[in-house]
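Commentary on secondary and tertiary structure
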Amino acid sequence: MTVPIADLRKDYTLNGLDKTDVLPDPIAQFQQWFDAALAAGVHEPNAMHLATINAQGRPEGRIVLVKGIDATGFSFYTNYNSQKAASLAVHPVASLTFFWPELERQVRIEGQVEKVSEAESDTYFNSRPRGSQLGAWVSQQSEVISGRDVLTAQQETFEAQFAGKPIPRPPHWGGFRVIPDSIEFWQGRPSRLHDRIRYRLEAGTWQIERVSP
């Protein structure tokens, strides 16, 4: 039997969240929740929705993987010739959303975006499986192609080129860092009266506030 979309609903009952429950530092709080997602066996807990604004002022979204979390921000890697990179060149701001349904939790992050250093990009690229390293050379991300055979041919070309040798990082591939100025932690609660605790950066200091659901 098909259930009407409007009738799909879930009551959230696992946990609550109060200002007294969270750490003073939002990155530390995020790491605590991320570790809990790992422990709970969440599928791809590092998957996040990345929202950008293109040159026409239209919002764009896609799922990417966070690959670095530290005091400076949240890092991910991509082709610098991709659509997302073109959008970030025009509007260097982004929003990230993590959703961990098993824990009935969501985290929203907003902030400025910058490229990571060449050294950081090299370090991460060198840690990738060889197939992923080749893929960074093969894919002209966001470009229109006639079919998958184009990728297959390019893959064969680069496999031959780098046979028996380390694969260098392509000059068009590297990382971006989202430097947060707002991080919101959302905990599902019954009757849609969810808990929302937001950290907002003000004059270099994180302010913690409860937001109405």
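Residues numbered from 1 in each chain as written. Predicted model: local features only at pLDDT ≥ 70, side-chain atom pairs only at ≥ 80, totals over all residues. Heavy atoms only, no water.

As a further point, take the packing of aromatic side chains. Applying the stated criterion across every chain yields a total of 19 aromatic pairs. Relative to Y124, the ring of Y77 has its centre 4.4 Å away and its plane inclined at 25°; by these criteria the two rings are stacked. A residue pair is termed long-range when its members are at least 10 positions apart, and Y77 in strand β4 (residues 73–79) and Y124 in helix α3 (residues 118–127) qualify at 47 residues. Summarising the burial analysis for this pair, Y77 and Y124 share the class buried. Aromatic ring contacts, followed pair by pair, group F30, F34, F74, F98 and W100 into a single cluster. Taking the ring centre of Y80 as reference, the NZ or CZ of K115 above it sits at 4.1 Å. (Phe/Tyr/Trp six-rings, centres within 6.5 Å; stacked < 30°, edge-to-face > 60°. Helix = DSSP H or I, 4+ residues; strand = E, 2+ residues; numbered from the N terminus. Buried < 20%, exposed > 50% of the residue type's maximum accessible area, 1.4 Å probe, protein only. Lys NZ or Arg CZ within 6 Å of the ring centre and 35° of its normal.)

With that out of the way, let us pick up the pattern of salt bridges. Enumeration over the complete set of coordinates arrives at 15 salt bridges. The salt bridge partner of K10 is E104, with a shortest N-O separation of 3.5 Å. Of this pair, K10 sits in the segment before α1 (26–39) while E104 sits in the loop between β5 (93–100) and β6 (105–115), and the two are 94 residues apart along the sequence. Accessibility expressed as a relative area gives 3% for E104, which makes it buried. Among the salt bridges present, the one from E110 reaches R108, with a minimum N-O distance of 3.7 Å. Of the residues examined, R108 reaches a relative accessible area of 28% and is grouped as partly exposed. (Salt bridge = Lys/Arg side-chain N within 4 Å of Asp/Glu carboxyl O.)

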